[in-house]
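# Remarks on the overall topology
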Amino acid sequence: MVSRCTLPTIHGDFELRVFGNEREGGRPWVACSSGDLRGVRGALVRVHDACLTSEVLGSTRCDCAQQLRTAQAMIAARGGVLIYSPQEGRGIG
């Protein structure tokens, strides 16, 4: 783990952990968790591929940004982990 912090979002606070990555150009993987997950079975988990055009630039060619926001809201409400991959997903945005 490279770094960690509490990340305030519109859905509430998440515990953010950043992990180093020797592959994929050294771009880090990020895990955002909500709730006390120790000993929890069946926690929500979303692995989400980065999508610059949708999530940052607002492209409407894909629904990546909406998928990300929906996952954040569900995880904030019920507890779980969002794993954010630096890999560009489908490349259609």
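So, a few notes on the structure that sits alongside this text.

About the thresholds
- Residues numbered from 1 in each chain as written.
- Predicted model: local features only at pLDDT ≥ 70, side-chain atom pairs only at ≥ 80, totals over all residues.
- Heavy atoms only, no water.
- Helix = DSSP H or I, 4+ residues; strand = E, 2+ residues; numbered from the N terminus.
- Buried < 20%, exposed > 50% of the residue type's maximum accessible area, 1.4 Å probe, protein only.
- Contact = heavy atoms within 4.5 Å.
- Areas by Shrake-Rupley, 256 points an atom, 1.4 Å probe, with all protein chains shown as cover.
- Lys, Arg positive; Asp, Glu negative; His and termini not counted.
- Charge placed at Lys NZ, Arg CZ, Asp CG, Glu CD.
- Salt bridge = Lys/Arg side-chain N within 4 Å of Asp/Glu carboxyl O.
- Pairing = 2+ DSSP bridges.

## As for the overall build of the protein chain
- On a plain count of helices and strands, the protein chain comes out with 2 helices and 5 strands.
- Starting at the N terminus and ending at the C terminus, the protein chain contains elements arranged as β-β-β-β-α-α-β.
- The dimensions of the protein chain, computed from C-alpha atoms along their principal axes, are 40 × 30 × 25 Å.
- Expressed as a percentage of its 93 residues, the buried residues of the protein chain come to 30%.
- Restricting to contacts in the protein chain with at least 6 residues of sequence separation, those with at least 24 account for 53%.
- Summed over all atoms, the accessible surface of the protein chain reaches about 6000 Å², with 54% contributed by carbon and sulfur.
- Positive and negative charge centroids in the protein chain, built from 11 and 9 side chains respectively, lie 4 Å apart.

## Structural notes on the pattern of salt bridges
- Per the counting criterion, the structure on display carries 2 salt bridges.
- Taking the shortest distance from any N to any O, the salt bridge between Glu 15 and Arg 4 comes out at 3.1 Å. Residue Glu 15 is found in strand β2 (residues 12–19), and its partner Arg 4 is found in strand β1 (residues 3–9); the two are separated by 11 residues along the sequence.
- Here Arg 4 falls in the partly exposed class, since its relative accessible area comes to 46%.
- Residue Asp 36 pairs with Arg 38 through a salt bridge whose shortest N-O separation is 2.9 Å.
- Accessibility expressed as a relative area gives 71% for Arg 38, which makes it exposed.

## Describing the pairing of strand β5 (residues 80–88)
- Note: strand β3 (residues 29–34) against β5, 5 bridges, orientation antiparallel. Paired with Cys 32 across the strands is Leu 82, a residue of β5.
- Both strand β4 (residues 44–50) and β5 contribute to a ladder of 7 bridges, which runs parallel. Paired with Asp 49 across the two strands is Ser 85, which belongs to β5.

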